[in-house]
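# Structural characterization, general
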Number of protein chains: 2
Amino acid sequence: MAYFDNAATTYPKPDVVYSFMDSFYRNYGGSAGRGGYALANTAKGIIDETRTLIQELLHCSAKQVVFTPTATIALNMIIQGVIAGGAKNIYISPFEHNAVTRVLYNYERRGQITVTELAVSQSLEYDLTRIRYQFDATKPDFVIVSHASNVIGLVAPIEAIFELAKEYNAITLADMAQTAGLIEINAGLETIDFAVFAGHKTLFGPTGISGFVMKPTINLPSILFGGTGYDSANQGMPNAIPEKYEMGTINIAGVAGLNAALKWIKEMSVERLFFEEEKRRKRLLQILSSYDFLTVIGNNEGCKYVGIVSCLLDAISSDSAGAIFAERGISVRTGLHCAPKAHQFLGTFPSGTIRLSVNALTSEKDFEELKNALDDIEENL
Amino acid sequence: MAYFDNAATTYPKPDVVYSFMDSFYRNYGGSAGRGGYALANTAKGIIDETRTLIQELLHCSAKQVVFTPTATIALNMIIQGVIAGGAKNIYISPFEHNAVTRVLYNYERRGQITVTELAVSQSLEYDLTRIRYQFDATKPDFVIVSHASNVIGLVAPIEAIFELAKEYNAITLADMAQTAGLIEINAGLETIDFAVFAGHKTLFGPTGISGFVMKPTINLPSILFGGTGYDSANQGMPNAIPEKYEMGTINIAGVAGLNAALKWIKEMSVERLFFEEEKRRKRLLQILSSYDFLTVIGNNEGCKYVGIVSCLLDAISSDSAGAIFAERGISVRTGLHCAPKAHQFLGTFPSGTIRLSVNALTSEKDFEELKNALDDIEENL
């Protein structure tokens, strides 16, 4: 078995993530932060520490960290909240995930907002000059950019795009589901209002814990409501971050796993994790390029990427291709990857692509298994 | 240390919950159900099996199971969805949690809905005759009842209330956060449209996985949107249950833990778990009643309860009382328990009560520690 679906969820996790999640939850899995007793205080301590680790990782001590169960829920809270706050003209990258575009579509279909894709050239470069024209034509209220495409791994120059967006006083949101902990970014920049992270992807944590960082001066209306174990007599949500956005019981088992993962990342260093992933991305590209029946999609040597590669298998639909890989013990993801607009942009809609994604833990043995599988596929074509 | 905060989260869990969660996530923690490969299929298998276990437990094979990260999110999806579908006159029990009342308040404060409390007598009995008068005066669109109060453990006769509600064609929702797996209920009854469960409370599972069962014929508008790994080209949510409501990556580590917990409950049996909890509730009441400085709140011998008891400590505010217990190694929860309306009804608002909650795993050693602590508190009063 060789796992090439790290863009869906990294697997396996560093051993310390499994072991600390298990031991912490066994020993301290009482109610977190909502009782004054020792167990609750220990649980609260690990949550606070994990918040600080996120701030350190993203260089955003001036921003506040909100934990959510999934990045999708974080995106719903931010996007629906910003729209409730009045945003009408919304710009997105051509590579957004359904966790962004389906949220927007719910408002777009009723004519409540307009959604425009930022100008990106066919050679995959964000065209800042054309984007400025776009912004001049229709002033942006809200600009949403996936830091890296979950289909082809292309990294967007969010600093430059958001700097431009701020000239028009737009609110900005970076979806870092595929980059947090992998690409050094200063999410503390004044130009970044919101940045979303997914605990179980590039952060190497478990499923069930994600979140976002936000500029504390922004008034983000709530779209989800519930108990906060704090200010309970108030029937509105408390007016404090993170409490306003952290309703219900936090996934303390998940926080413990994320805590261990963030410490592991700190020890490894973001630079090294990217360096190791980049080496493996190149190895993957080299392997895929050596087979005539495979065509790599969306790769421009001049651009920056994370370890996600899409390809097509000649004359075979992506769905069938998935089974062909699976039969040979290779875990890949085929189809639209929940990002139909990215495939429309790339010309691979509606059948999609075969996606292989690596990270710093992908081993040479994995690559050998992939090569054996590809040899076997070639023979049986 | 003695833990009496099981109403917040059960602790500890049965050992098999920790061990299966750890081993499953280590061995099969790839992407669930969204790749055709072996790991993804194993993960999908455990999700499907867990759905079936929920249906069996709640006797509702005719209902469909939706997993959500928390019961709070489940309540938001249902309540906001039903209101989006047009519900205006909403009835709730006097014991609802902020996960219900804060969601409603967001619409109530804008005059979009009216919220009325169902008639309950001072002796804590739901008054079905008066409730019928209430329904005759203002026809109910939506009736929400906590199956058991998270403050005093009082169990509501939801079958009778919902049968009455159905005479008026209301939509019905049972919040089973404190009862799923503990009280035998036929959630398959035609009169129950929605029932919410919390994985980490009475179900003995981990944090980060909860959900609801729903009648498949109900059209519940979506309030959260995102990727479903299915029907991805559609920018609306797919029109299938559970996919329509399960956006984003499911917490597969949590599902594994819940799976083990549900099998443990099946082996123990719901009747036995209730019987054991009821014995311990009586033991707790006996202990608390033997101290003159404690006053038990909301206990009527003629009513049915789960293992949650609220009390007051003479002349000491609930918040200070929490520290007094914590110092002596006893984990209790003080204040409003995220249910201010319940305390208003009980006359314990705004300072709240001291809540102690037991379950079938509470040991005689826990009770001995509690008695020692109470003796010590008595001496130092």
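Rules used throughout
- Residues numbered from 1 in each chain as written.
- Chains lettered and ligands numbered in written order.
- Predicted model: local features only at pLDDT ≥ 70, side-chain atom pairs only at ≥ 80, totals over all residues.
- Heavy atoms only, no water.
- Domains from an automatic or database assignment.
- Contact = heavy atoms within 4.5 Å.
- Buried area = accessible area lost by both parts, 1.4 Å probe.
- Pairing = 2+ DSSP bridges.
- Helix = DSSP H or I, 4+ residues; strand = E, 2+ residues; numbered from the N terminus.
- Axes fitted to C-alpha atoms, helices over the stretch in contact; angles between N-to-C directions.
- Least-squares fit on C-alpha atoms with pLDDT ≥ 70 in both.
- pLDDT = per-residue confidence, 0-100.
- Left-handed = near helix turned anticlockwise from the far one by under 90°.
- Nonpolar A, V, L, I, M, F, W, Y, C, P; charged D, E, K, R; others polar.
- Salt bridge = Lys/Arg side-chain N within 4 Å of Asp/Glu carboxyl O.
- Polar contact = N/O pair within 3.5 Å; in protein donor to acceptor, adjacent residues only side chain to side chain.
- Parallel < 35°, antiparallel > 145°, perpendicular 65-115°, else oblique.

### Remarks on the domain arrangement of chain A
Residues and elements named next belong to chain A. The domain boundaries assigned to chain A delineate domain 1 (2-11 + 270-379) and domain 2 (15-268). Here domain 1 and domain 2 have C-alpha centroids that lie 26 Å from each other. Contacts between the two partners involve 36 residues from domain 1 and, on the opposite side, 38 residues from domain 2. Of the roughly 3,100 Å² buried at the junction of domain 1 and domain 2 (both faces included), carbon and sulfur atoms supply 63%.

### Considering the sheet that holds strand β5 (residues 142-146) of chain B
Residues and elements named next belong to chain B. Spatial strand order, β2-β8-β7-β6-β5-β3-β4: seven strands in an open sheet with mixed pairing. Two strands lie at the open edges of the sheet, namely β2 (64-68) and β4 (114-117), each paired on one side alone. Across the sheet, the axes of successive neighbouring strands diverge by a mean angle of 20°, strand direction being ignored. When strand β3 (residues 89-92) meets β5, the two strands line up parallel, connected through three bridges. When the sheet's bridge partners are listed, Tyr91 is paired in β5 with Val143. Together, β2, β3, β5, β6 (171-175), β7 (194-198) and β8 (210-214) form the strand contacts of helix α3 (residues 71-84), whose direction differs from that of β7 by roughly 160°.

### A word on the relation of the copies chain B and chain A
When chain B is fitted to chain A, the residual RMSD is 0.0 Å, and the transformation amounts to a turn of 180° plus an axial shift of 0.0 Å. Expressed as an axis order, the relation between the two copies is that of a two-fold axis. A share of 100% of interface residues in chain B that are also interface residues in chain A marks the association as one of identical surfaces.

### Here we look at the sheet that holds strand β10 (residues 308-313) of chain A
Residues and elements named next belong to chain A. With antiparallel pairing, the four strands of this open sheet are ordered in space as β9-β10-β13-β12. In the strand order of this sheet, the two ends are held by β9 (294-297) and β12 (333-335), each with one partner. Looking at each pair of strands side by side, their axes are set apart by 35° on average, direction ignored. Across the sheet, helix α8 (residues 270-289) lies against β9, β10 and β13 (353-357), angled at about 10° from β10, the strand it touches most.

### Some remarks on the confidence of the model for chain A
Summary statistics for chain A give a mean pLDDT of 95 and a share of 99% for residues scoring 70 or more. As scored by the predictor, the complex reaches a pTM of 0.97 and an ipTM of 0.96.

### Points about the side chain of Glu277(A)
Assignment of secondary structure puts Glu277(A) in helix α8. Aside from chain neighbours lying at most four places away, what touches Glu277(A) is Leu182(A), Val306(A), Gly307(A), Val358(A), Asn359(A) and Ala360(A).

### Details of the packing of helix α3 (residues 71-84) of chain A against helix α4 (residues 98-108) of chain A
All names here are of chain A. Orientation of α3 relative to α4, taken along the N-to-C sense of each, is 35°, at an axis distance of 9 Å. Read as a crossing pair, α3 and α4 show a hand that is right-handed. Side by side, α3 and α4 meet where Thr72, Leu75, Asn76, Ile79, Gln80 and Ile83 of the first sit next to Ala99, Val100, Val103, Leu104 and Tyr107 of the second. Residues of the contact of α3 with α4, tallied by class, amount to eight nonpolar, three polar and no charged.

### What to know about the interface of chain B and chain A
Residue-level contacts link 76 residues of chain B with 76 residues of chain A. In total, chain B and chain A occlude about 5,700 Å² of area from one another, counting both sides; carbon and sulfur atoms represent 60% of this. The largest contributions to the chain B side of the interface with chain A come from Arg102(B), Phe225(B) and Gln235(B), which together make up 15% of the buried area. For the pair chain B and chain A, the number of links is two salt bridges. One salt bridge connects Asp15(B) with Arg26(A), and the closest N-O pair in it is separated by 2.6 Å. Linking chain B to chain A there are 36 residue pairs in polar contact (both at pLDDT 80 or more). Counting residues per element, the ones that place at least two in the side of chain B that touches chain A are α1 (15-28), α3, α4 (98-108), α7 (252-268), β11 (330-331) and α10 (340-346) of chain B. In terms of residues, the side of chain B that touches chain A owes the most to one element, α1(B), which gives nine residues.

### Examining the packing of helix α5 (residues 128-137) of chain A against helix α6 (residues 158-167) of chain A
Geometrically, a packed helix pair is captured by the angle between its two axes and the distance between the axes. Residue and element names in this part refer to chain A. At a minimum axis distance of 11 Å, the contact between α5 and α6 shows a crossing angle of 25°. With respect to their mutual orientation, α5 and α6 come out roughly parallel. Regarding α5 and α6, the two cross each other, and that crossing is right-handed. Contact residues: α5 offers Leu128, Ile131, Arg132 and Phe135, while α6 offers Ala160, Ile161, Leu164, Ala165 and Glu167.

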